[in-house]
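# Residue-level structural notes
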Amino acid sequence: MQDDLKFMRRAIDLARHNALEVKAGGPFGCVIVRDGEIIAEAANQVLADRDPTAHAEIVAIRAASKALNSHVLEGCTVYTTGEPCPMCYAACWWARVASIRFASNHDDALEFGGFDDRHITEALALPGDARPLPSTELCRADMLEVWRAYHAMPDRIHY
């Protein structure tokens, strides 16, 4: 429990510095820990990098993957200052982290920052053609050739 507080406070320090001092993005910080040691840490870089995917969790996952030389972050805990948005939650899932700890929730992000991701979560529950951002299947037969060749590769690495 004491370590949890230490790691979350580090994430909060990153968020504070990022949003209030350097103004590189919103008040979001993230620390990724394995076996009691920080593997990677990051803050939101959306504004600094002009990259809408540069959320603190994404930047930290990329750094942790490089540090561990693996796309698999099993055994890692993500400490993040905001409850992960759909993109960041999915990235944590794909990275196979063990758990996520967050300091503030979606309602807090909406109230204090105007960040509202509910429409994304709701849209993902709909079929592709019923989503607000239109999603249309195109050239499936061509792509299935690539999929079949990929599937047949004996040395492909599953991820």
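In short, a report on the structure. Quick caveat, the model's predicted, so the values are computed rather than measured.

## A short note on the packing of helix α3 (residues 56-68) against helix α4 (residues 86-95)
Where α3 contacts α4, the two axes come as close as 9 Å, and the packing angle between them is 20°. One way to sum up the angle between α3 and α4 is to call them roughly parallel. The handedness of the crossing between α3 and α4 comes out as left-handed. Between α3 and α4, the contacting residues are Glu 57, Ile 58 and Ile 61 on the first element and Met 87, Cys 88, Ala 91, Cys 92 and Ala 95 on the second. When the residues that make up the contact of α3 with α4 are grouped by side-chain class, the tally is seven nonpolar, no polar and one charged.

## Overview of the side chain of Asn 18
In this fold, Asn 18 is placed in helix α1 (residues 2-22). A distance of 3.5 Å separates the side chain of Asn 18 from the backbone oxygen of Gly 25, its partner in a polar contact. The residues touching Asn 18, leaving out its near neighbours within four places in the chain, are Lys 23, Ala 24, Gly 25, Gly 26, Phe 28, Ala 43, Asn 44 and Gln 45.

## Thoughts on α1
Between the first and last C-alpha of α1 there are 29 Å, a value that for 21 residues agrees with the 30 Å anticipated at 1.5 Å per step. Looking at the buried positions of α1, the neighbouring elements they touch are β1 (29-34), β2 (37-43), β3 (76-82) and β4 (99-104). In the segment just after α1, Lys 23 is the residue with positive phi, at about 55°.

## Some remarks on the pairing of β2
Bridge count for β1 against β2 is six bridges, and the pairing is antiparallel. By the bridge assignment for β2, Val 31 is matched with Glu 41. Between β1 and β2, which pair antiparallel one after the other, the connecting turn spans two residues, and Asp 35 there sits at a positive phi close to 55°.

## Some thoughts on the pairing of β4
Inspection of the sheet shows β3 paired to β4 by five bridges, in the parallel sense. Counted as the bridge partner of Thr 80 is Phe 102 from β4. The parallel pair β3 and β4 is bridged by α4, and the resulting crossover is right-handed.

## With respect to the packing of aromatic side chains
Across all of its chains, the model carries four aromatic pairs by this definition. Their ring planes at 50° and their centres at 5.4 Å tell us that Phe 7 and Tyr 79 sit as a pair that is tilted. Pair noted here: Phe 7 is in helix α1 and Tyr 79 is in strand β3, with a separation of 72 residues, a long-range link. When sorted by exposure, Phe 7 lands in the same class as Tyr 79, which is buried. Arranged with centres 6.1 Å apart and planes meeting at 50°, the rings of Tyr 89 and Trp 93 form a pair that is tilted. Of this pair, Tyr 89 and Trp 93 both sit in helix α4, four residues apart, which is roughly one turn of that helix. Residue Tyr 89 is classed as partly exposed on the basis of its relative accessible area of 43%. Of the residues examined, Trp 93 reaches a relative accessible area of 62% and is grouped as exposed.

Thresholds applied
Residues numbered from 1 in each chain as written. Predicted model: local features only at pLDDT ≥ 70, side-chain atom pairs only at ≥ 80, totals over all residues. Heavy atoms only, no water. Axes fitted to C-alpha atoms, helices over the stretch in contact; angles between N-to-C directions. Helix = DSSP H or I, 4+ residues; strand = E, 2+ residues; numbered from the N terminus. Parallel < 35°, antiparallel > 145°, perpendicular 65-115°, else oblique. Left-handed = near helix turned anticlockwise from the far one by under 90°. Contact = heavy atoms within 4.5 Å. Nonpolar A, V, L, I, M, F, W, Y, C, P; charged D, E, K, R; others polar. Polar contact = N/O pair within 3.5 Å; in protein donor to acceptor, adjacent residues only side chain to side chain. Expected span 1.5 Å × (residues − 1). Pairing = 2+ DSSP bridges. Right-handed = clockwise from strand over helix to strand, strands pointing away. Phe/Tyr/Trp six-rings, centres within 6.5 Å; stacked < 30°, edge-to-face > 60°. Buried < 20%, exposed > 50% of the residue type's maximum accessible area, 1.4 Å probe, protein only.

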